[in-house]
Amino acid sequence: MKDYPEPPEGLAVEHDGAVLRLRLDRPQRRNALTDDMVLALIETIEAAGSDETVRVIALSGTGDDFCSGFDLGQRGKGDESPRAGATQRRMRWQVNRLIPTMLETQTPIVTAAKGWIIGLGLHLVLASDFAVVADDARLRAPFATMGFTPDSGGSWLLPRLAGIARAKEMIMLGHDVTGAQAASWGTVHRASPADQVDVAASEVVDELASAATVAVGLSKLLIHRGLGVDLDRHLADEALAIELSSRSDDFHEYSRARRDKRDPKFEGR
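Residues numbered from 1 in each chain as written. Predicted model: local features only at pLDDT ≥ 70, side-chain atom pairs only at ≥ 80, totals over all residues. Heavy atoms only, no water.

Novice: What am I meant to see in the sheet that holds strand E7 (residues 138–140) here?
Specialist: The strands making up a sheet associate through hydrogen bonds between their backbones, and the pairing can be parallel or antiparallel. Here we have 3 strands laid out as an open sheet, ordered E5-E7-E8, and mixed in their pairing. Of all strands in the sheet, those with a lone pairing partner are strand E5 (116–118) and strand E8 (177–178), marking the two edges. Both E5 and E7 contribute to a ladder of 3 bridges, which runs parallel. Considered in E7, the bridge of Ile-118 is made with Arg-140. Helix-sheet contacts for helix H4 (residues 120–127) involve E5 and E7, and the interaxial angle to E5 is about 90 degrees. (Pairing = 2+ DSSP bridges. Helix = DSSP H or I, 4+ residues; strand = E, 2+ residues; numbered from the N terminus. Contact = heavy atoms within 4.5 Å. Axes fitted to C-alpha atoms, helices over the stretch in contact; angles between N-to-C directions.)

This is the structure we're talking about:
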């Protein structure tokens, strides 16, 4: 089993067999993220990506709300003003690493979210492979209404998932949408009644925990990489992926199961 960083206050981490469970745990602040939590999420997701025992990551939040964004209240308490450019220098090595890490890891990420889903919390949902949200959840990108601009890839994710017109409505006007609306747009995997979100997300987690992990991970890579390359490059990536996946134990298990007329039992290898 791979070593993971010690989780900071506000983040709970549990290694549950094939599932790595991450839970935002600051309900008194609507699970607002701190610098320490962001860095721990990055390091933990990176570690899970090379942990052979982990086949899926499950992300959730404690209490009534998934995440109210980044906790700006933890900043600016010092006596001295930072040098010009401090924000962009800090973001490069902290929050701006989080979304790429989620997108690039081949380990699938399933998020269950209820209540307020705001700012960086919204970006966590958008960067997940499968997000199950409550029908009445409120998804909001409040940046412009607060006098500044999106960060951590929000203005990259939203147009791709919601479309340009809807992204402008959410980002430039700051309008929030319900989980049901987000699901109807195809922005999240699905919406469920709030009391059924955890069960619905667990069903997806269980399905991925018993899936052909190599093929699932390479498929994720192809989907994300294909958004930024031409067809010729993508076909070359597909050829490499099928070469790798067809050599996996799970592919051979499928062949045996088909011959034996039974369901395959994938081990994730």
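Still to come is the rest of the account.
Novice: Teacher, can you tell me more about the environment of His-123 here?
Specialist: Take His-123: it is sitting in helix H4. His-123 sits in the buried class, given a relative accessible area of 1%. Linking His-123 and Ser-152, residues 29 residues apart in sequence, is a C-alpha distance of 7.5 Å. Once residues within four sequence positions are removed from consideration, His-123 is found in contact with Ile-99, Phe-143, Asp-151, Ser-152, Gly-154 and Leu-157. (Buried < 20%, exposed > 50% of the residue type's maximum accessible area, 1.4 Å probe, protein only.)

Novice: Help me understand unusual backbone geometry in this model?
Specialist: Note: most peptide bonds trans; most residues except glycine with negative phi. The phi dihedral of Asn-31 is positive, around 60 degrees, even though this residue is not glycine. Along the chain, the position of Asn-31 falls in the loop between strand E2 (19–24) and helix H1 (35–49). On the basis of relative accessibility, which here comes to 0%, the residue Asn-31 falls in the buried class. Despite not being glycine, Lys-261 shows a phi value in the positive range, around 55 degrees. Of note, Lys-261 is situated in the segment after helix H11 (249–260). Relative accessible area serves as the criterion here: at 78%, Lys-261 is assigned to the exposed category.

Novice: What is the right way to look at the nonpolar core in this model?
Specialist: In this structure, Leu-24, Leu-33, Phe-66, Ile-117, Leu-139 and Leu-158 are the most contacted members of the largest nonpolar core, which totals 62 residues. Among all residues touching Leu-33, those that are not within four sequence positions of it are Leu-24, Val-38, Leu-41, Cys-67, Gly-69, Phe-70, Asp-71, Gln-74, Leu-120 and Leu-124. (Core = buried A, V, L, I, M, F, W, Y, C linked by side-chain atoms within 4.5 Å.)

Novice: What is the right way to read the pattern of salt bridges from this model?
Specialist: Think of it this way: side chains of opposite charge can pair up when their charged atoms draw near. Inspection of the entire model under this criterion finds 18 salt bridges. A salt bridge links Glu-52 to Arg-269, with the nearest nitrogen and oxygen atoms 3.8 Å apart. A residue pair is termed long-range when its members are at least 10 positions apart, and Glu-52 in the loop between H1 and strand E3 (56–61) and Arg-269 in the segment after H11 qualify at 217 residues. The class of Arg-269 is partly exposed, set by a relative accessible area of 45%. One salt bridge in this structure joins Lys-114 and Asp-198, with 3.5 Å as the shortest N-O distance. Taken together, the residues Lys-114 in the loop between strand E4 (109–113) and E5 and Asp-198 in helix H8 (residues 197–209) connect sequence positions 84 residues apart. For Lys-114, a relative accessible area of 24% translates into the label partly exposed. The class of Asp-198 is partly exposed, set by a relative accessible area of 41%. By sharing partners, the salt bridges in this structure join Glu-253, Arg-256, Arg-259, Asp-260 and Arg-262 into a single network. (Salt bridge = Lys/Arg side-chain N within 4 Å of Asp/Glu carboxyl O.)

Novice: Hey, could you run me through H11 in this one?
Specialist: An α-helical segment advances 3.6 residues per turn. Residues three or four places apart therefore align on the same side. Its 12 residues place the ends of H11 16 Å apart at the C-alpha level, agreeing with the 16 Å of an ideal helix rising 1.5 Å per residue. Buried-residue contacts for H11 involve helix H9 (213–226). Downstream of H11 by a residue or two, Lys-261 has a phi angle that is positive, lying close to 55 degrees. (Expected span 1.5 Å × (residues − 1).)

Novice: Where do I start with the packing of H1 against helix H3 (residues 95–104) in this structure?
Specialist: The packing of two helices is summarised by the inter-axis angle and the distance between the axes. It is at 9 Å that the axes of H1 and H3 come closest, and there the two elements cross at 30 degrees. Taken together, the axes of H1 and H3 lie roughly parallel to each other. Once H1 is placed against H3, the crossing between them reads as left-handed. Of H3, the residues touching H1 (which contributes Val-38, Leu-39, Leu-41, Ile-42, Ile-45 and Glu-46) are Val-95, Arg-97, Leu-98, Thr-101 and Met-102. (Parallel < 35°, antiparallel > 145°, perpendicular 65-115°, else oblique. Left-handed = near helix turned anticlockwise from the far one by under 90°.)

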